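Below are the chains, spelled out letter by letter.
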Amino acid sequence: MDNWNVLAAQTSSQAIGRDETVVKTRLTIEKLPDKVLLHIFSYLSHREICRLARICRRWRKIAYDTRLWKNVSLRPEVSGLHVGSLEMLLSLISVRFGPTLRYIELPIELITHTVLHELSAKCPNLTHMLLDFSTAMQLHDFSEMQAFPTKLRYMCICLSEVIFMEGFMRKIYNFINGLEVLHLVGTYEKCEEEEEEIYEVINVHKLKSATPNLRVINLYGINFIDDSHIDAFSSNCIQLECLAVNFCNKVTGSTLKTLVQRSKRLTCLLMNGTSLKSEFVMQVEWDKCALQELDITATDLTTECLVDMLTRIPSLKFLSAGQINGFNDTVLKQWMEQGNTRSLSSLDLDSSDNITDEGMLKFLQRHGHQLSACCLSGMPHITDQLWMSILPMLGNCKIIVMGTAEKLGVNIHVDQLMDTIATNCGNLERLELRWDPDNLRFSDKSQKAIDILRVKCLKLRCMVLSDGRYYETVKANFERADRTTVVRTTTCCRVSPYHLLRNYNDLIFN
């Protein structure tokens, strides 16, 4: 018995000793090694890193490590970083950025020949560049520019409405023949209703000759882009896989036939908000194309044209065809009977008021199981009752958008809807409910339905709701579970099936 007491005493004394050792050796952030701090800093924005650099000399040294400055935006409205002078920027390029820099965004005041020379000399691994001329009233003098980064694979140019770019572009043509992704961003979002004189501020015909290796071309909201520019790119870019001309309202489709004939690798064609004409679209040899992804949202194509096109495309995976009056039950029926819908994985029919409940239900009964995205928003007649019939067919969906912002004469019983989503859509990643908050009806037991959704849909990254009482309820529920970034409001966020596009990462621009 005495031996057991001795052993017990020794064991307790050892445990106390270990506890004291743990207390003495408890780590604080100051005792973390530099490589751990560097890893922690890598999750912060550059603005936060600059603030931490004021803490102490050690943190300053880590904050200025070039490995934290691979992707840099110097546009204050985007990153919060403001460089006060060109001299400061030139110093940053040589000291802080150096060979590790891969991506940089420059505002108009920092786009000078000295800055571009320095980037060319000190940043040999720079492959992505964004040049923002959108607010320019006058360009810097580039007559002395002799060098430019030569390894660029991605370039985004934000155009000005009134500044002609040829003086700058002429100097860089010889350096950009390795480009694979090109973004030209127009001023569509800044346009006023009054028609003003339109200037062709960049010479697309010369640009296409300097960029023969383009895979992805995004011409966004440029008011002077027309079919001749599409024809120009297709004549020289034999590697073209993705062409986006969203919100270029002068595009009518007159050169689509030539584009499809020349671009054998073209798999993605995005023409949202263009002025497509049915007679031009029907001339295209759709049955001989490799097209898999198509966006014709907000165009005036006729029912006859839509049937002709959809029944001839051999393996369409992604279709966005919302806000088209001609898209109705006839189109869906003919597409099912005569076309190839077996490959379809994403369907967006936003605001297609001429599709009936019955027509939509028949289509989804046959193809709902294969969809990864289903967006049926903006249709007042598709209410929660129809959605509860549809959701069991959407078991593989990752993206769902439902509801309309206009006020309805009926109420949406959101608790039952949430329960149905949680039961049937375990793979859901993005969800948006656009119904007006005044139309949403929920009970005191709605927390249970939200809990079930949160527990069963573990992959849910984004849930967008109209701002109101129900939004606050759902947001609070997710925040209590430490999922603070999931629930968002429609005023600052929208869900889109574009995430499923094969070239989505290349199509992103700020």
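The sections below set out a description of the structure shown in this document. What you are looking at is a predicted structure, and each value in this text was computed from that prediction instead of being measured.

Basis of the calculations
- Residues numbered from 1 in each chain as written.
- Predicted model: local features only at pLDDT ≥ 70, side-chain atom pairs only at ≥ 80, totals over all residues.
- Heavy atoms only, no water.
- Helix = DSSP H or I, 4+ residues; strand = E, 2+ residues; numbered from the N terminus.
- Contact = heavy atoms within 4.5 Å.
- Polar contact = N/O pair within 3.5 Å; in protein donor to acceptor, adjacent residues only side chain to side chain.
- Buried < 20%, exposed > 50% of the residue type's maximum accessible area, 1.4 Å probe, protein only.
- Right-handed = clockwise from strand over helix to strand, strands pointing away.
- Pairing = 2+ DSSP bridges.
- Core = buried A, V, L, I, M, F, W, Y, C linked by side-chain atoms within 4.5 Å.
- Domains from an automatic or database assignment.

### Observations regarding the environment of N328
Here is step 1 of the chain: Its place among the elements puts N328 in the loop between β10 (318-320) and α14 (329-338).
Here is step 2 of the chain: In the structure, N328 is positioned 128 residues away from E200 in sequence and 38 Å away in space, judged by C-alpha atoms.
Here is step 3 of the chain: Residues contacting N328, with those up to four places away along its chain left out, are T303, N354 and I355.
Here is step 4 of the chain: A distance of 3.4 Å separates a polar atom in the side chain of N328 from a polar atom in the side chain of T303.

### What about the pairing of strand β5 (residues 181-185)?
Here is step 1 of the chain: Summarising burial for β5: five of the five residues are buried, a large majority.
Here is step 2 of the chain: The alternating pattern of β5 places V181, H183 and V185 on one face and L182 and L184 on the opposite face, and all of these are buried.
Here is step 3 of the chain: Crossover connection from strand β4 (residues 154-158) via helix α8 (residues 166-172) to parallel β5: handedness right-handed.

### Some remarks on the pairing of β4
Here is step 1 of the chain: Of all the five residues making up β4, five are buried; the element is thus mostly covered by neighbouring parts of the structure.
Here is step 2 of the chain: Every second residue of β4 is oriented toward a common face, with Y154, C156 and C158 on one face and M155 and I157 on the other, all of them buried.
Here is step 3 of the chain: When strand β3 (residues 128-132) meets β4, the two strands line up parallel, connected through five bridges. Its bridge partner being in β4, L131 is matched across the sheet by I157.
Here is step 4 of the chain: Where β4 and β5 come together, five bridges link them in parallel fashion. By the bridge assignment, I157 is partnered in β5 with L184.

### Here's the deal with the nonpolar core
Here is step 1 of the chain: Counting 146 residues, the largest nonpolar core has L119, F168, F327 and W387 as its most contacted members.
Here is step 2 of the chain: There are two domains that each give this core at least three residues, and those are domain 1 (28-67) and domain 2 (344-509).
Here is step 3 of the chain: When neighbours within four sequence positions are excluded, W387 is seen to be in contact with C374, L376, I382, L394, I400, V401, M402, G403, L417 and W435.
Here is step 4 of the chain: Counting residues in hydrophobic clusters, the runner-up holds 16 residues, among them C156, C158, V181 and C242.

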